[in-house]
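Per-entry structural report
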Amino acid sequence: MLIVNKLIPQGRGLAAVLVRRAAAVQLDWDVRQKSRFDTTDSLGRVLGVFLPRGTVVRGGDLLVAEDGSLVQVQAAPQPVLEVRHCPEHGSPFDLLRAAYHLGNRHVALELKPDHLKLEPDHVLADMLRQQHLIVTALAAPFEPEGGAYAAGGPGHAHGPAHDHGHDHGPDHGHSH
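Please read these numbers as outputs of a predicted model, since none were measured by experiment.

1. Describing helix α4 (residues 122-130)
- Buried residues of α4: L124, A125, M127 and L128, and no others. Take α4 and look down its axis: the buried residues cluster within an arc of 160 degrees, on one side only. Exposed side of α4, more than 90 degrees from the buried face: H122, V123 and Q130 are the residues found there.
- For α4, the secondary structure elements touched by its buried residues are β7 (78-85), α3 (93-104), β9 (116-118) and β10 (133-140).
- With a side-chain oxygen positioned 2.9 Å from the backbone nitrogen of V123, the residue opening α4 is D121.
- In the stretch just after α4, H132 is the one whose phi turns positive, near 65 degrees.

2. A word on the layout of surface pockets
- What the second largest pocket holds in volume is close to 190 Å³.
- In terms of lining, the second largest pocket is formed by A99, L102, G103, H106, V107, L109, L111, E145, G146 and G147.
- For the lining of the second largest pocket, the leading source of residues is α3, giving three residues.
- Here the residues of the lining of the second largest pocket sort into five nonpolar, four polar and one charged.

3. Concerning α3
- In a regular helix each residue adds 1.5 Å, so twelve residues correspond to 16 Å; α3 covers 17 Å between its end C-alpha atoms and thus fits that length.
- The complete set of buried residues in α3 reads D94, L95, A98, A99 and L102. Angularly, the buried residues of α3 cover 140 degrees about the axis, an arc narrow enough to put them on a single face. Facing away from the buried side of α3 by more than 90 degrees, the exposed set consists of L96 and Y100.
- Two residues or fewer past α3, H106 is found with a positive phi of approximately 55 degrees.

4. A short note on the sheet that holds strand β2 (residues 23-27)
- In spatial order, the strands read β2-β6-β5-β1-β4-β3; together these six strands make up an open sheet with mixed pairing. With one partner strand each, in any of the chains shown, β2 and β3 (36-40) form the two edges of the open sheet. Along the sheet, successive strands turn relative to each other by an average axial angle of 35 degrees, direction set aside.
- In the sheet, β3 pairs with strand β4 (residues 46-50) via five bridges, with the strands oriented antiparallel. Residue pairing for β4: R36 is matched across the bridge by F50.

Quick notes on the rules
Residue numbers restart at each chain and count upward from 1, following the sequence in its written direction. Given that this is a predicted model, residues contribute local features only at a pLDDT of at least 70 and side-chain atom pairs are listed and counted only at 80 or more, while totals for whole chains, interfaces and linings are drawn from all residues. Values shown for side chains rest on all heavy atoms present in the structure; no hydrogens or waters enter the calculation. Buried, partly exposed and exposed residues are distinguished by accessible area as a fraction of the type maximum, computed with a 1.4 Å probe on protein chains only: under 20%, between the cut-offs, and over 50%, respectively. Helix numbering and strand numbering both begin at the N terminus, where a helix is a DSSP run of H or I of at least 4 residues and a strand a DSSP run of E of at least 2. Throughout, the arc means that of the directions going from the helix axis to the C-beta atoms. The criterion used for residue contact is that any of the two residues' heavy atoms lie within 4.5 Å. In protein, a polar contact requires one atom able to donate a hydrogen and another able to accept it; more generally it is a pair of N or O atoms within 3.5 Å, and residues adjacent in sequence count only if both atoms are side-chain atoms. A 1.4 Å probe that fits into a set of points on a 1 Å grid over the protein atoms alone but cannot get out defines a cavity; an open set with protein on both sides within 12 Å along at least five of seven lines defines a pocket, and lining residues are those with an atom within 4 Å of a point. Grid points are joined across faces, edges and corners, and a volume is the space filled by probe spheres set on the points. Each residue is assigned to one of three groups, with Ala, Val, Leu, Ile, Met, Phe, Trp, Tyr, Cys and Pro labelled nonpolar, Asp, Glu, Lys and Arg labelled charged, and all others, Gly among them, labelled polar. For a helix, the expected span equals 1.5 Å multiplied by the residue count minus one. Between any two strands, at least two bridges found by DSSP are needed for them to pair. Axes, fitted as lines to C-alpha atoms, cover a helix only where it is in contact. Angles between the N-to-C directions of the axes lie from 0 to 180 degrees.

This is a description of form; function is not addressed.
Set out below in structure tokens:
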């Protein structure tokens, strides 16, 4: 078993050619939110992953094995519910309302401009349908938001001196 104990978020700082040459592993959300797990990569190597407690692995992250080899993580398709607004009976605002209600229930939720994704739950699906939303069961990668206190969320990790293309004066409206 090859031991993995380092993660490079989204392969930051690595040359693209190294990322392309890396072995791959497909992991669902249940596994990616664990800091210790076993898996097999695309080269057939058995990996024992031992990351610091609380580490969440995202699709696009790179794992570094003890021999220095890289393994790119892919978010595996898994059962999810996709939620969209009904163009005949509602508006895109209905998704915002649904996200609010799901958030109050502490549901892991992937947010997109035109839809939401959550893990299958028939009670929640019924609630969403009663709000005139379209709920579809499908298999797709799942990358839920990290939460208000997570380090950025998917694809949004950066340090305190980041640039969004606008000036952050003393009253910039959000804290870091």
